Amino acid sequence: MPHDFMPGLAGVPAAKSAISDVDGTRGILEYRGIRVEELCQHSSFLETSYLLLFGRLPNASELTQWVNDVTHHRRIKFRIVDLLKVMPEHGHPMDALQAAVAALGMFYPGRNVKDVENNYWSAVRLIAKLPTIVAAWARLRRGDEYIPPRDDLPFAENFLYMLTENMPHPLWSEVFDDCLILHAEHTMNASTFAGMVTASTLADPYTVVASSIGALKGPLHGGANEEVVMMLRDIGTPAQAKSAVEARLQGKNKLMGFGHRVYKVKDPRATVLQDLCMRLFNVCGTSPLYEVAVAVEQLAGERLKEKGIYPNVDFYSGIIYDKMGIEVDLFTPLFAMARVSGWLAHWLEQLRENKLYRPDQIYSGEHDRHYVPIDRR
Ligand code: ACO
């Protein structure tokens, strides 16, 4: 049967899903039918994770149980800590995270993906342990001791505490939790699809999440948040933005943190993140990167609006993390800590009506060639 070739599978539905939806022309993102702005206003990251995984908001006792389950599975085995200790300290944190998540699968039962209860505990463990791994790596690579999680601290606060051993400003925890909500899920993106391909082979969830982490790392996807901050630092001041944007566009270089396969207007997450920047700056003072970013957005808007290219989720997130003193190469792992909820929601959905992903190709090579002995080539 002949097929149209769609590079990058653009516009090709790869699954039916009830988890999230994007309206790319109106700039709307919903998780299970609820807009992300509303979730940021009223929900928490863990409650949102429950919503994504199980399709509805939990009642009070379900939420307490879920939060307790995640809270009590944050610790990582000393062998995972040992594994992180022997990795090269200059290696990228996404590689350390991917390796540690794959290794988690060696400690916990995950192979029987028909076991519904075990699948629940796999989801709990992955959501609980990713922040501990990221914080442990951030400290161990510079020779500091790993700080174990504290069961008395909520999710976001505990992560910021594990990074520094200091209690974060309450506003930081609030803003960081909202950042996690905004990054938790986003329809059929590259890392979700990568995980679903792996899930369709009935691989265990640790391998599924490790596959997704690999896809998220690239600069065209989650890795863009790191690149944005480098770009803004490179530009330096708002006054230099005009020449820098022009030079980039004339050199056919992309502006990092701009453009999206689905959104043809400003990404709604970028708008919320910009508001979060303002909330943070009102209390902690502004950021020079923010001033540059606003100038870049204005100039890029004039130059790129005809192509429907506007800031995406990665444009303002890094400015927030930078203000909190988090190192740039940890930004994409922070994305993974949140997106693991979406990956797992798609994994569970995929398992309900699994079909092995095995797409077709359009062969463009030759036929009927013959082997040529090496002395005649
Ligand atoms: N800066 C300048 N021009 C751009 C940008 C950008 N950031 N993004 C797209 N364009 C232009 C392209 O040059 C191309 O122009 P042309 O038609 O004149 O050749 C046109 O817009 C279409 O671009 P494609 O890359 O083909 O569009 P696609 O849908 O494949 O790209 C992508 C989406 C990969 C996100 C792209 O916009 C990009 O590379 N952006 C920068 C990286 C980035 O911020 N990634 C994060 C995305 S959000 C996320 O994954 C979490």
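Thresholds, definitions, all that
- Residues numbered from 1 in each chain as written.
- Predicted model: local features only at pLDDT ≥ 70, side-chain atom pairs only at ≥ 80, totals over all residues.
- Heavy atoms only, no water.
- Helix = DSSP H or I, 4+ residues; strand = E, 2+ residues; numbered from the N terminus.
- Rg over C-alpha atoms; globule rule 2.2 N^0.38 Å.
- Buried < 20%, exposed > 50% of the residue type's maximum accessible area, 1.4 Å probe, protein only.
- Lys, Arg positive; Asp, Glu negative; His and termini not counted.
- Charge placed at Lys NZ, Arg CZ, Asp CG, Glu CD.
- Phe/Tyr/Trp six-rings, centres within 6.5 Å; stacked < 30°, edge-to-face > 60°.
- Lys NZ or Arg CZ within 6 Å of the ring centre and 35° of its normal.
- Axes fitted to C-alpha atoms, helices over the stretch in contact; angles between N-to-C directions.
- Parallel < 35°, antiparallel > 145°, perpendicular 65-115°, else oblique.
- Left-handed = near helix turned anticlockwise from the far one by under 90°.
- Contact = heavy atoms within 4.5 Å.
- Nonpolar A, V, L, I, M, F, W, Y, C, P; charged D, E, K, R; others polar.
- Polar contact = N/O pair within 3.5 Å; in protein donor to acceptor, adjacent residues only side chain to side chain.
- Near = heavy atom within 4 Å.
- Areas by Shrake-Rupley, 256 points an atom, 1.4 Å probe, with all protein chains shown as cover.
- Salt bridge = Lys/Arg side-chain N within 4 Å of Asp/Glu carboxyl O.
- Pairing = 2+ DSSP bridges.
- Disulfide = S-S within 2.5 Å.

Asker: I'm lost on the overall build of the chain in this one. Help?
Answerer: Scanning the chain for helices and strands turns up 16 helices and three strands. Taken against the 2.2 N^0.38 rule, which gives 21 Å for 377 residues, the C-alpha radius of gyration of the chain at 22 Å falls within 12% of a compact globule. By its C-alpha atoms, the chain is 70 × 55 × 50 Å across when sized along the principal axes. Taken across its 377 residues, the chain has 51% of its residues classed as buried. Averaged over its 40 positive side-chain charges, the chain has a centre that lies 4 Å from the centre of its 45 negative ones.

Asker: In this structure, what is going on with the packing of aromatic side chains? I would like to understand it.
Answerer: Any aromatic ring pair is given by two values, namely how distant the centres are and how the planes are angled relative to each other. Applying the stated criterion to the full structure yields 17 aromatic pairs. Geometrically, the ring pair formed by Phe159 and Phe176 is stacked, given 5.5 Å between the ring centres and 10 degrees between the ring planes. Here Phe176 lies in helix α8 (residues 170–183) and Phe159 lies in helix α7 (residues 155–164), a separation of 17 residues in the sequence. Under the relative-accessibility criterion, Phe159 is labelled buried at 0%. Taking 6.0 Å as the distance between ring centres and 65 degrees as the angle between the ring planes, the aromatic pair formed by Phe176 and Tyr321 counts as edge-to-face. Note that Phe176 is positioned in helix α8 and Tyr321 in helix α15 (residues 314–323), a separation of 145 residues in sequence. Residue Phe176 is classed as buried on the basis of its relative accessible area of 0%. The ring of Tyr161 carries Arg150 above its face, with NZ or CZ at 5.1 Å from the centroid.

Asker: Whenever I open this one, the packing of helix α6 (residues 116–140) against α7 confuses me. Can you help?
Answerer: Describing two packed helices takes the angle between their axes plus the distance from one axis to the other. Contact pair α6 / α7: the axes reach a minimum separation of 8 Å and the direction vectors enclose 20 degrees. Relative to α7, the element α6 is oriented roughly parallel. Where α6 crosses over α7, the handedness of that crossing is right-handed. Facing Ile127, Pro131, Thr132, Val134, Ala135, Ala138 and Arg139 of α6, the residues of α7 in contact are Phe155, Phe159, Met162, Leu163 and Thr164. Class assignment for the residues of the contact of α6 with α7 results in nine nonpolar, two polar and one charged.

Asker: Explain the environment of Arg74 to me, please; I cannot follow it from the model alone.
Answerer: Tracing the backbone shows Arg74 in the loop between α3 (60–71) and α4 (78–85). On the basis of relative accessible area, Arg74 is assigned to the buried category, the value being 2%. Taking the C-alpha atoms as reference points, Arg74 and Asn158, 84 residues apart in sequence, are found 9.8 Å from one another. When sequence neighbours within four positions are dropped, the list of residues in contact with Arg74 reads Ala128, Lys129, Thr132, Pro149, Arg150, Asp151, Leu153, Pro154, Phe155 and Asn158. A distance of 3.0 Å separates the side chain of Arg74 from the backbone oxygen of Arg150, its partner in a polar contact.

Asker: I tried to follow the site of the ligand on my own but got confused; where do I start?
Answerer: Around the ligand sit 20 residues in total, of which His221, Lys254, Leu255, Phe258 and Lys307 are the nearest. Between Lys307 and the ligand, the recorded distance is 2.8 Å, taken from a side-chain N or O atom to an oxygen atom. Contact with the protein chains hides 69% of the accessible area of the ligand, taken as 910 Å² for the molecule alone. Considering only residue class, the shell around the ligand consists of 11 nonpolar, five polar and four charged.

Asker: Even after reading the chapter, I still don't get the pattern of salt bridges, so can you show me in this structure?
Answerer: Note on pairing: side chains with opposite charge can pair once their charged atoms come close. Taken as a whole and judged by the stated rule, the model has 15 salt bridges. In this structure, Glu327 and Arg141 form a salt bridge, with 3.4 Å as the shortest nitrogen-oxygen distance. With Glu327 in the loop between α15 and α16 (331–352) and Arg141 in the loop between α6 and α7, the pair connects residues that are 186 residues apart, well separated along the chain. Under the relative-accessibility criterion, Glu327 is labelled partly exposed at 32%. The structure contains a network of salt bridges with shared partners spanning Arg141, Arg142, Asp144, Glu327 and Asp329.

Asker: Looking at this model, I keep getting lost on the pairing of strand β2 (residues 28–31). Mind explaining?
Answerer: In regular strands, side chains alternate between the two faces of the sheet. Here strand β1 (residues 20–23) pairs with β2 via four bridges, running antiparallel. Bridged to Asp21 within β2 is Glu30. With antiparallel pairing between neighbouring strands as the criterion, β2 and strand β3 (residues 34–35) make up a hairpin whose turn holds two residues, including Arg32 at a positive phi of roughly 50 degrees.

Asker: In this structure, what is going on with the state of the cysteines? I would like to understand it.
Answerer: Disulfides are covalent bonds that link the sulfur atoms of two cysteine residues. In the structure shown here, the tally under the stated rule is zero disulfides. Here Cys40 stays unpaired: no disulfide links it, and the sulfur of Cys179, its closest cysteine neighbor, is 8.2 Å away. The closest cysteine sulfur to the non-disulfide-bonded Cys284 is located on Cys277, 12 Å from its own sulfur. We classify Cys284 as partly exposed; its relative accessible area is 27%.

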